[in-house]
Amino acid sequence: ELLALAKRYRESNLALLDATTKQNVEQQLNRLAQAKGTNRYKLVQEVTGASIMLGASAMEKELSLIFGAAAVLAEPDDALIVNNFGAVLLLAGSLSDAVQVLNFGRSISPESPFILTNLANALLEMDDDTQAGELLLQALQHEPEFAEAHTALATVYMARGDAQKALDHIVMAAANNFTPAMRQAAQQA
């Protein structure tokens, strides 16, 4: 099911590209398909990294989805790659597909704070702060200083009207997310 979803995103977004861009992207995808061994895995890492960077910029949604899907098709059992595709889907606003992909990622790596936090963020976008809060607490059990989980949990607590807990998690996120001087200032706050 994950592979079918990834193929659908790859193909539907390839169809949206102009001819020149499509040709360039297909050359990159062919390079990935022909690569072997450690070179292949290195290329998959580059492709999944590119998908996240493009997705975060919000300028190249189609390319982000194509590269994220291609990475999953190449390495469907790699939790980080599956997580990255889920994150790209989340950034693209494909929330139900993001939840599906991230739940698959959880089956590979159930304790990954990245997967748990991205899944929680997707659920927050779908107005499910109860399950999102539970997932974020799980993420923090496995990685207590994970700033992204603290930030998302602050959002959950704000939605619940608990400003003190929200502030506590904002401070914890800040303490774990900045330069040493910023960390020290946040810890003193």
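The structure this text deals with has already been given above.
Rules behind the numbers
- Residues numbered from 1 in each chain as written.
- Predicted model: local features only at pLDDT ≥ 70, side-chain atom pairs only at ≥ 80, totals over all residues.
- Heavy atoms only, no water.
- Helix = DSSP H or I, 4+ residues; strand = E, 2+ residues; numbered from the N terminus.
- Rg over C-alpha atoms; globule rule 2.2 N^0.38 Å.
- Buried < 20%, exposed > 50% of the residue type's maximum accessible area, 1.4 Å probe, protein only.
- Areas by Shrake-Rupley, 256 points an atom, 1.4 Å probe, with all protein chains shown as cover.
- Salt bridge = Lys/Arg side-chain N within 4 Å of Asp/Glu carboxyl O.
- Expected span 1.5 Å × (residues − 1).
- Core = buried A, V, L, I, M, F, W, Y, C linked by side-chain atoms within 4.5 Å.
- Contact = heavy atoms within 4.5 Å.
- Polar contact = N/O pair within 3.5 Å; in protein donor to acceptor, adjacent residues only side chain to side chain.

**Considerations on the overall build of the protein**
Secondary structure summary: the protein contains eleven helices and zero strands in total. Whereas a compact globule of 189 residues would reach a radius of gyration of roughly 16 Å, the protein reaches 18 Å, a difference of no more than 12%. By its C-alpha atoms, the protein is 55 × 35 × 30 Å across when sized along the principal axes. For the protein, with 189 residues in total, the buried portion stands at 42%. If you sum the accessible surface of the protein, you get close to 10000 Å²; carbon and sulfur atoms cover 53% of it.

**So, the pattern of salt bridges**
The full count for this structure, using the stated rule, is four salt bridges. Notably, a salt bridge pairs arginine 8 with aspartate 97, separated by 3.5 Å at the nearest N-O pair. With a gap of 89 residues between them, arginine 8 in helix H1 (residues 2–14) and aspartate 97 in helix H6 (residues 95–108) connect regions that are remote in the sequence. The salt bridge partner of arginine 40 is glutamate 75, with a shortest N-O separation of 2.9 Å. Placement of the pair is arginine 40 in helix H3 (residues 37–57) and glutamate 75 in the loop between helix H4 (61–74) and helix H5 (79–91), with a sequence separation of 35 residues.

**Section: unusual backbone geometry**
A positive phi is found at aspartate 127, a non-glycine position, where the angle reads about 65 degrees. Tracing the backbone shows aspartate 127 in the loop between helix H7 (113–125) and helix H8 (129–142). Given the relative accessible area of 70%, aspartate 127 is considered exposed.

**Examining helix H10 (residues 163–175)**
Here H10 is 13 residues long and its end C-alpha atoms lie 18 Å apart, about the 18 Å a rise of 1.5 Å per residue gives. Along H10, the residues that are buried comprise Ala166, His169, Ala173, Ala174 and Ala175.

**Re the nonpolar core**
Membership of the largest hydrophobic core comes to 53 residues, with the highest contact counts inside it found for Val25 and Phe85. Of the residues forming this core, the biggest block, nine residues, is contributed by H4. Ignoring sequence-local partners within four residues, the contact set of phenylalanine 85 consists of Ala6, Tyr9, Leu65, Gly68, Ala69, Val72 and Val101.

**A short note on the side chain of serine 94**
Tracing the sequence through the fold places serine 94 in the loop between H5 and H6. At a separation of 3.2 Å, a polar atom in the side chain of serine 94 contacts the side chain of tyrosine 9. Other than its neighbours up to four places away in sequence, serine 94 contacts Tyr9 and Leu89.

**Regarding H5**
Helix length check: H5 (13 residues) gives 18 Å between terminal C-alpha atoms against 18 Å at 1.5 Å per residue, within 8%. In terms of burial, H5 is largely enclosed, as eleven of its 13 residues are buried. All of the buried residues along H5 are Ala79, Ile81, Val82, Asn83, Asn84, Phe85, Gly86, Ala87, Val88, Leu89 and Leu90. At its buried positions, H5 is contacted by H1, H3, H4, H6 and H7. The N-cap of H5, judged by a side-chain oxygen 3.0 Å from the amide nitrogen of leucine 80 a few residues on, is aspartate 78. After H5 finishes, the residue glycine 93 shows a positive phi value of roughly 85 degrees.

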